[in-house]
Amino acid sequence: MIDAKQRARHLIADAKRKANIIANARKKFPTREALEDAILECQARVEQEQEAAATTSPATVAENHMSVFDKMNRLTSPAAAEDELRKLYPLRLILPTVGDLAEMIGLNQGHRERAMRELDMKTANSVQKEIE
């Protein structure tokens, strides 16, 4: 049976894993639009790989002198690309759009200006770092 300490460790590890996924997604895709571009590219790759796999026959392999390994890679590529797509779709829920980012920057600029009027340079500098 799982005791309270083990459960807490498991929850903390799970939270860290999810935070890392979000941080890595935001680094790789700064906006949702960048993610959508990646999804479109991946979908096109899936279609190309599926067409290539469908047109690869034993005769084609013999004619082109493809190794068995090359044929296996070609057949597993659609599955790998589909797996990548499956991982990208949920990121739509957490990545901001350009409009979201513009709104956040506008709000942060207001906070920075307010801090500067109050001569709170520490807060103004930290908000400026968030904007950048």
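Basis of the calculations
- Residues numbered from 1 in each chain as written.
- Predicted model: local features only at pLDDT ≥ 70, side-chain atom pairs only at ≥ 80, totals over all residues.
- Heavy atoms only, no water.
- 1 Å grid on protein atoms, 1.4 Å probe; cavity = no way out; pocket = protein on both sides within 12 Å on 5 of 7 lines; lining within 4 Å.
- Points joined across faces, edges and corners; volume = space filled by probe spheres on them.
- Helix = DSSP H or I, 4+ residues; strand = E, 2+ residues; numbered from the N terminus.
- Nonpolar A, V, L, I, M, F, W, Y, C, P; charged D, E, K, R; others polar.
- Buried < 20%, exposed > 50% of the residue type's maximum accessible area, 1.4 Å probe, protein only.
- Arc of directions from axis to C-beta.
- Contact = heavy atoms within 4.5 Å.
- Salt bridge = Lys/Arg side-chain N within 4 Å of Asp/Glu carboxyl O.
- Core = buried A, V, L, I, M, F, W, Y, C linked by side-chain atoms within 4.5 Å.
- pLDDT = per-residue confidence, 0-100.

Draft legend 1. View of the layout of surface pockets. Size it by volume and the largest pocket reaches roughly 290 Å³. Together, 16 residues line the largest pocket, and Ala 25, Phe 29, Lys 87, Leu 88 and Leu 91 are the ones closest to its centre. Among the elements that take part in the lining of the largest pocket, helix α1 (residues 4-28) stands out by supplying 5 residues, more than any other. By residue class, the composition of the lining of the largest pocket is 10 nonpolar, 1 polar and 5 charged.

Draft legend 2. Layout of helix α6 (residues 121-131). The set of residues buried in α6 consists of Ala 124, Val 127 and Ile 131. Along the axis of α6, the buried positions cluster into a sector of 65°, meaning they face one direction only. Within α6, the exposed residues directed more than 90 degrees away from the buried face are Lys 122, Lys 129 and Glu 130. Buried-residue contacts for α6 involve α5 (98-117).

Draft legend 3. Summary view of the environment of Ala 38. Within the fold, Ala 38 resides in helix α2 (residues 32-55). Take Ala 38: its relative accessible area is 19%, and that puts it in the buried class. If near-sequence neighbours (up to four positions away) are discounted, Ala 38 is found in contact with Phe 29 and Leu 88.

Draft legend 4. Main features of the pattern of salt bridges. If you walk through the whole model with that rule in mind, you get 3 salt bridges. One salt bridge connects Lys 18 with Asp 14, and the closest N-O pair in it is separated by 3.3 Å. Taken together, the positions of Lys 18 and Asp 14, both in helix α1 and 4 residues apart, correspond to about one turn of that helix. Classification of Asp 14 as partly exposed rests on a relative accessible area of 23%. Because the salt bridges share partners, they merge into one network encompassing Asp 14, Arg 17 and Lys 18.

Draft legend 5. Spotlight on the side chain of Asn 108. Take Asn 108: it is sitting in helix α5. Exposure remark for Asn 108: the relative accessible area of 16% places this residue in the buried category. Beyond its immediate stretch of four places on either side in the chain, Asn 108 contacts Val 127, Glu 130 and Ile 131.

Draft legend 6. Structural detail: the environment of Pro 96. With respect to the helices and strands, Pro 96 occurs in the loop between α4 (68-88) and α5. Distance from Pro 96 to Phe 29, taken between C-alpha atoms, is 9.5 Å for residues 67 residues apart in sequence. Dropping the residues within four chain positions of it, Pro 96 is found in contact with Arg 26, Pro 30, Thr 31, Arg 32, Glu 33, Leu 101 and Met 104.

Draft legend 7. Focus on the nonpolar core. Counting residues in hydrophobic clusters, the biggest one holds 12 residues: Ala 25, Phe 29, Leu 35, Ala 38, Ile 39, Cys 42, Val 46, Ala 81, Leu 85, Leu 88, Leu 91 and Leu 95. When residues of this core are assigned to their parent elements, the largest contribution, 5 residues, is made by α2.

Draft legend 8. Highlighting the confidence of the model for the chain. When pLDDT is averaged across the chain, the result is 76; 79% of the residues are at 70 or more. Taken element by element, the predicted model of the chain shows its lowest mean pLDDT in helix α3 (residues 58-64) (53) and its highest in α1 (84).

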